[in-house]
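Okay, here's what each chain looks like letter by letter:
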Amino acid sequence: MPNVVEVEGLEAYYRTPAGDDIKAVDGVSLAVREGEVLGIAGESGCGKTTLAQVLGLTVQKPLYVRSGKVLLEGRNALALDRETMRREVRGKTISTVPQGAMNSLNPTLRVRNLVIDVMRDHNPRIRRREAVERARERLDLLGLPPRVLEAYPHQLSGGMKQRVITVVSTLLDPVLLIVDEPTSALDVTSQKVAIKLLVDLLAKRIIRSIVFITHELPLLRHVADRIAIMYAGRLVEVGAMEDIVFRPQHPYAEGLVGSVLVPEPGMKERTVTGIPGRPPDMRRPPAGCRFAPRCPKRFDLCDRDPRPFGIDGREVWCWLHRDQPNAERP
Amino acid sequence: MSDGPILAVEGLTRVFGSGRHANLAVDRVDLAIRPGEVVALIGESGSGKTTVARMLLGLLPPTEGTVRYRGVDLDTLRRREGMRSYWRNVQAVFQDPFGSLNAFYSVRRCMLNAFKLFPRRPPRAERIARVREALDIVGLDVDDMLTKHPHQLSGGQRQRVMIARALVVQPGVLIADEPTSMIDASSRAAILNILLDLRTRLGLTVMFITHDIGMAYYTSDRLFIMHLGRIVEEGPADDIIRDPQHEYTKRLLADVPTLSREWIL
Amino acid sequence: MELLRILLRSNRFMAGFWIVTAVLAFALLGPTLLTDVGPFQRVGGLFNPPSRDALLGTDNFGRDVFTQLMYGTRTSLYIGLVAGFVATFIGVTIGTLAGYASGVIEEALMGVTNVLITIPPIVVLILLSVAVDARTATTMGIIIGVTAWPWTARAVRAQTSSLRTREHVAIARISGVGSLEMMLVEILPYMFSYIFMAFILQLTGGILAEATLSMLGLGPFQTVSLGTLLHWSLLWESVRVGAWWAFIPATVFLSITTFSLILMNAGMDEIFNPTLRHTR
């Protein structure tokens, strides 16, 4: 399968007001394949939201990209000028629904004005009626009531707001949609409906791929094709959903899967232990494997930066698997 | 006496606002918790579960209904001994570990604060000893922790401090209102295990208030399912998870993604 | 400490801070370092233009304007400080009580506050100034402060009612903390930065109120302030006779002082309300 976007050697840091660098994403290379839902999971502060911002080309100070590329059809999107990025790439090739987007809608604008704004941003000559008509068709196609166009944000439920934003973000048929914690503020029922919409968008080939950022592995279990686990700004394991959720190899991925609490029989009898300790200070992350200080399986090799080892198509950045061949990087 | 409920509410009702804008947040809720039990009150946002928690803690007066501690009405208790005696027995941990510690206090000062509940405070040496013991119970490094300020702690550590703070007065009941919803999954289990351990070691009664059914199932003996201000189903956790009766409970369970069960979109 | 470090990197705050410091130094050290005449000492005739003897000329009484400016700035800052302290103290007390108490007490306190806000402060100021006989700089500061607190009270009440619903306040309650301690320990410290900013604004307002009152002839007796300087220069028609040195320096000092205080305030606002921080 071809890749729709590739990230190469990405280092994205936050500059604090006090002048330090927080190494939020620190050397990440990753490809999003056509037709897939790629889940990115990890604890808060692991860099997954930062990765989403760089991937979605929405980098804003104090975040800056120190090095690395985001390759779109062979060209580095990070090197494009602002105007090209805004007109041709953002929203059209890559679109993002950022974390908490449903709570940052302008309360004084009807949804239709939001639609017009988004369409005009890319095609200043489009007529208002045309833009709204397009949105109406799209809502209809996805089984949402077109009357939401006339509503103000506060008139919509949280779940509906989230869905409306998703539809508006995909009006220009982007190749890749990035969603960051799209359901963490929603009740389980609204969560399910919001996720069904994402799956629909993919099934109807309105979008080609999704990057789904979340801290909830049970969600990824049902929507993701592949999962990338991040820890302290780096990838620790990337592989097929079944492999990561049911047979994790990296001790951190194992710990994360082992921390899941879900209402299914058998859960109660198990003792869930979680992962002791806390993530490192990202101003001065530890040398070598960053998980080593918390790792129950650490040994003397762990003070060196791990290479990605390949285990049946997945990559694991852990010295425990050093007898495996080096992974083929995208 | 030991057979009766340690904490019970009857016909608990709370209306916010009045007239046309009146909002019935909690509608005739009955529940009873036995000593040493771990239960969970489960509800989604707007179900009224947090309002119940606030009334249980005496932080919000009910519009109607009663809260009883060991069979004694909270109003009677308040008149006879004051709320401080109630709070010596019923303590709480809240959702936001960043917002529930006074940012200007050291951990020691925050924890010593709880001794205000005693009409005659124990001598300082004993107070410090009890603070240290409580910190030790929740698995924190005592010497390191006492002088720390909240901003030096992680979310998980803060929540442990909050649990330790509640334990200092050696209460019989702990109300945990979403104690882990703002904490990473990896530290969540440790916090929950501490609370479960307290039941075994100290016979503490714990009531979780949560929207997280997975967490509630893992920790609790009995579940109360709350929807639109009312309790729609209650029973042993296993029964409810395996065989829910109420339509709402069924829908809720079907909508929660799990690892093994298919999730029909 | 972290905040202090950030504050020291804020250009606005630092610019304001250095100007205020310079003004303060001029007012406090000037009389000993920069001049050897007294504020009421005659050094020349009516409206002598600037010269080597009197850097900024003389006023209508033949007194050195440069010297008067130092003493005037000193008095104005002093009155501003007194007014700022009085207004902030009353405002914070009433605002915190109202915000924490809720119910009848809140309504009563805010009722009084709102009524006072609707009365134009200048009217009350003039009435009070006329009514009070002993018009020293201190009484003037107090009078200004007593009329200026309602805005602070309203702002502090709003802050308090939102702080009151925080979890650490609930925790303090179930720890047996009483109401007074709750306000002093659980709520006030969270408003320090906010109160300090309100104080700076009240200080600025106090300096301007002094100038207004003094220009109307209601200023302090037996002393020089920026306002009384302007008062006399106007009374002796310095504008018409073109004696710009009699009124421009005082006006400039008034503007610089208030402007730099407001600049400091804006700098702090940026730090304490992160949403206002510059993103690029």
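Here the structure is shown first, and the text comes after it.
Keep in mind the model is a prediction, meaning the values are calculated, not measured. (Residues numbered from 1 in each chain as written. Chains lettered and ligands numbered in written order. Predicted model: local features only at pLDDT ≥ 70, side-chain atom pairs only at ≥ 80, totals over all residues. Heavy atoms only, no water.)

**Student:** What am I meant to see in the overall build of chain C here?
**Tutor:** Check the secondary structure of chain C and you find 12 helices and 0 strands. Walking chain C from its N terminus toward its C terminus, one meets helices and strands in the order α-α-α-α-α-α-α-α-α-α-α-α. Projected onto its principal axes, the C-alpha positions of chain C cover 75 × 50 × 30 Å. Burial statistics for chain C: of 280 residues in total, 49% are counted as buried. Taking the contacts inside chain C whose residues are at least 6 apart along the sequence as the reference set, 72% of them involve residues at least 24 apart. (Helix = DSSP H or I, 4+ residues; strand = E, 2+ residues; numbered from the N terminus. Buried < 20%, exposed > 50% of the residue type's maximum accessible area, 1.4 Å probe, protein only. Contact = heavy atoms within 4.5 Å.)

**Student:** Can you help me understand the overall build of chain A in this one?
**Tutor:** Helix and strand content of chain A: 9 helices and 12 strands. At 20 Å, chain A has a C-alpha radius of gyration in line with the 20 Å of a compact globule built from 330 residues. Based on the C-alpha atoms only, the size of chain A along its principal axes is roughly 65 × 50 × 45 Å. A total of 330 residues make up chain A; the buried ones form 55% of that total. Within chain A, counting contacts between residues at least 6 apart in sequence, those at least 24 apart form 62% of the total. Of the roughly 14,400 Å² that chain A leaves accessible, carbon and sulfur atoms contribute 47%. (Rg over C-alpha atoms; globule rule 2.2 N^0.38 Å. Areas by Shrake-Rupley, 256 points an atom, 1.4 Å probe, with all protein chains shown as cover.)

**Student:** Explain the sheet that holds strand 7 (residues 176-180) of chain A here, please?
**Tutor:** Across a sheet, strands are paired by hydrogen bonds formed along the backbone, either parallel or antiparallel in direction. All names here are of chain A. Spatial strand order, 6-7-8-3-9-10-12-11: 8 strands in an open sheet with mixed pairing. Each of the sheet's edge strands pairs with one partner strand only, and the pair in question is strand 6 (94-97) and strand 11 (309-311). Strand-to-strand, the axes of this sheet are offset by a mean angle of 20 degrees, without reference to chain direction. Sheet topology note: the strand 9 (residues 226-231)/strand 10 (residues 234-240) ladder contains 6 bridges and is antiparallel. The residue bridging alanine 228 from the neighbouring strand is valine 238, located in strand 10. Sheet strands touched by helix 5 (residues 158-169): strand 6 and strand 7. Its angle to strand 6, the strand with the most contacts, is close to 165 degrees. Contacting strand 9 and strand 10, helix 9 (residues 251-258) crosses the sheet at an angle of about 105 degrees to strand 9. (Pairing = 2+ DSSP bridges. Axes fitted to C-alpha atoms, helices over the stretch in contact; angles between N-to-C directions.)

**Student:** So what exactly am I meant to see when it comes to the side chain of C:His231 here?
**Tutor:** Residues and elements named next belong to chain C. Relative to the helices and strands, histidine 231 is located in helix 10 (residues 226-235). When its relative accessible area of 14% is taken as the criterion, histidine 231 is described as buried. Looking at histidine 231, its side chain comes within polar contact range of the main-chain oxygen of serine 214, at 3.4 Å. What histidine 231 contacts, discounting residues up to four positions off in sequence, is Ser214, Met215, Leu216 and Gly217. (Polar contact = N/O pair within 3.5 Å; in protein donor to acceptor, adjacent residues only side chain to side chain.)

**Student:** What am I meant to see in the layout of surface pockets here?
**Tutor:** A water-sized probe, rolled over the atoms, reveals where empty space remains. Residues and elements named next belong to chain A. Empty space within the second largest pocket amounts to approximately 880 Å³. Every residue lining the second largest pocket is counted, 30 residues in all, and those nearest its centre are Thr58, Arg90, Thr96, Pro98 and Ser169. Listed by contribution, the elements that provide at least two residues to the lining of the second largest pocket are helix 1 (48-55), strand 6, helix 3 (111-122) and helix 5. Among the elements that make up the lining of the second largest pocket, the one with the highest residue count is helix 3 (5 residues). Among the residues making up the lining of the second largest pocket, the classes are represented as 12 nonpolar, 12 polar and 6 charged. (1 Å grid on protein atoms, 1.4 Å probe; cavity = no way out; pocket = protein on both sides within 12 Å on 5 of 7 lines; lining within 4 Å. Points joined across faces, edges and corners; volume = space filled by probe spheres on them. Nonpolar A, V, L, I, M, F, W, Y, C, P; charged D, E, K, R; others polar.)

**Student:** Can you walk me through the interface of chain B and chain C in this structure?
**Tutor:** On the side of chain C, 15 residues touch chain B, which itself brings 24 residues to the contact. In this assembly, chain B packs against chain C so that about 1,700 Å² is buried in total across both faces, 57% of it on carbon and sulfur atoms. Joining chain B to chain C, the criterion identifies 1 salt bridge. B:Lys116 is the partner of C:Glu181 in a salt bridge, and the nearest nitrogen-oxygen pair spans 3.1 Å. There are 9 residue pairs in polar contact (both at pLDDT 80 or more) connecting chain B and chain C. Mapped onto the side of chain B that touches chain C, the elements with two or more residues apiece are helix 3 (83-89), strand 6 (90-93) and helix 7 (155-167) of chain B. When grouped by side-chain class, the residues that make up the side of chain B that touches chain C number 12 nonpolar, 7 polar and 5 charged. (Buried area = accessible area lost by both parts, 1.4 Å probe. Salt bridge = Lys/Arg side-chain N within 4 Å of Asp/Glu carboxyl O.)

**Student:** Sorry, what's going on with the interface of chain A and chain B here?
**Tutor:** The figure often quoted for interface size is the accessible area lost as the parts come together. The partner chain B presents 41 residues to the 34 residues of chain A that form the contact. Inspection of the chain A/chain B interface yields 2 salt bridges. In this structure, the salt-bridge partner of B:Asp255 is A:Lys192, at a minimum N-O distance of 3.2 Å. Taken together, the connections running from chain A to chain B amount to 20 residue pairs in polar contact (both at pLDDT 80 or more). Of all the elements in the fold, those that place two or more residues in the side of chain A that touches chain B are helix 6 (188-203), helix 7 (217-223) and helix 8 (241-246) of chain A. The element contributing the most residues to the side of chain A that touches chain B is helix 6 of chain A, with 7 residues. Its residues assigned to classes, the side of chain A that touches chain B shows 15 nonpolar, 9 polar and 10 charged.

**Student:** Can you help me understand unusual backbone geometry in this one?
**Tutor:** When glycine is set aside, most residues are seen to have a negative phi, and most peptide bonds are trans. Cis geometry is adopted by the peptide bond preceding A:Pro62, which originates at A:Lys61 and carries an omega value of 10 degrees. By the secondary structure assignment, A:Pro62 is in the loop between helix 1 and strand 4 (63-72). Of note in the backbone geometry, B:Gln170 takes a positive phi value of approximately 50 degrees without being a glycine. If you trace the backbone, B:Gln170 turns up in the loop between helix 7 and strand 7 (173-177).

**Student:** How should the pattern of salt bridges be read in this particular structure?
**Tutor:** Between side chains of opposite charge, a pair can form when the charged atoms approach closely. Scanning the entire structure with this criterion turns up 42 salt bridges over all chains. Of the charged contacts in the structure, one is a salt bridge between A:Glu11 and A:Arg66, with a shortest N-O distance of 3.3 Å. Highlighted residues: A:Glu11 in strand 1 (residues 3-15) and A:Arg66 in strand 4, separated in sequence by 55 residues. In this structure, B:Arg230 and B:Asp27 form a salt bridge, with 3.9 Å as the shortest nitrogen-oxygen distance.

**Student:** Would you mind going over the packing of aromatic side chains with me for this structure?
**Tutor:** Each aromatic ring pair is described using two quantities: the centre-to-centre distance and the angle formed by the ring planes. With the rule as written, the count across this model stands at 17 aromatic pairs over all chains. Geometrically, the ring pair formed by C:Phe61 and C:Trp236 is edge-to-face, given 6.2 Å between the ring centres and 65 degrees between the ring planes. Taken together, the residues C:Phe61 in the loop between helix 2 (11-33) and helix 3 (65-101) and C:Trp236 in the loop between helix 10 and helix 11 (238-241) connect sequence positions 175 residues apart. When its relative accessible area of 29% is taken as the criterion, C:Phe61 is described as partly exposed. By relative accessible area, C:Trp236 is classed as partly exposed at 40%. Counting every residue linked through ring pairs, the aromatic cluster contains A:Tyr231, A:Tyr252 and A:Phe291. (Phe/Tyr/Trp six-rings, centres within 6.5 Å; stacked < 30°, edge-to-face > 60°.)

**Student:** Sorry if this is basic, but what is going on with the sheet that holds strand 8 (residues 205-210) of chain B here?
**Tutor:** All names here are of chain B. Reading across from one edge, 6-7-8-3-9-10 is the order of the 6 strands in this open sheet, with mixed pairing throughout. The open sheet has two edge strands, strand 6 and strand 10 (230-236), and neither has a second partner. Going across the sheet, the axis of each strand differs from the next one's by a mean of 20 degrees, ignoring polarity. Taken together, the 5 bridges between strand 3 (residues 38-42) and strand 8 define a ladder with parallel strand orientation. Looking across to strand 8, one finds that alanine 40 is bridged to phenylalanine 208. Of the strands in this sheet, strand 3, strand 7, strand 8 and strand 9 (222-227) touch helix 1 (residues 49-56), which is tilted by about 145 degrees from strand 8. Contacts between helix 7 and the sheet are confined to strand 6 and strand 7, with strand 6 contributing the most and set at about 175 degrees to the helix.

**Student:** Help me out: how do you make sense of the packing of helix 9 (residues 192-215) of chain C against helix 10 of chain C in this one?
**Tutor:** When two helices pack together, their arrangement is captured by the angle between the axes and the distance separating the axes. Residue and element names in this part refer to chain C. Relative orientation of the contacting elements helix 9 and helix 10 amounts to 30 degrees, with a least axis distance of 7 Å. Accordingly, the angle class assigned to the pair helix 9 and helix 10 is roughly parallel. Handedness of the crossing formed by helix 9 with helix 10: right-handed. Contact residues: helix 9 offers Glu210, Ala211, Ser214 and Met215, while helix 10 offers Leu226, Gly227, Thr228, Leu230, His231 and Leu234. (Parallel < 35°, antiparallel > 145°, perpendicular 65-115°, else oblique. Left-handed = near helix turned anticlockwise from the far one by under 90°.)

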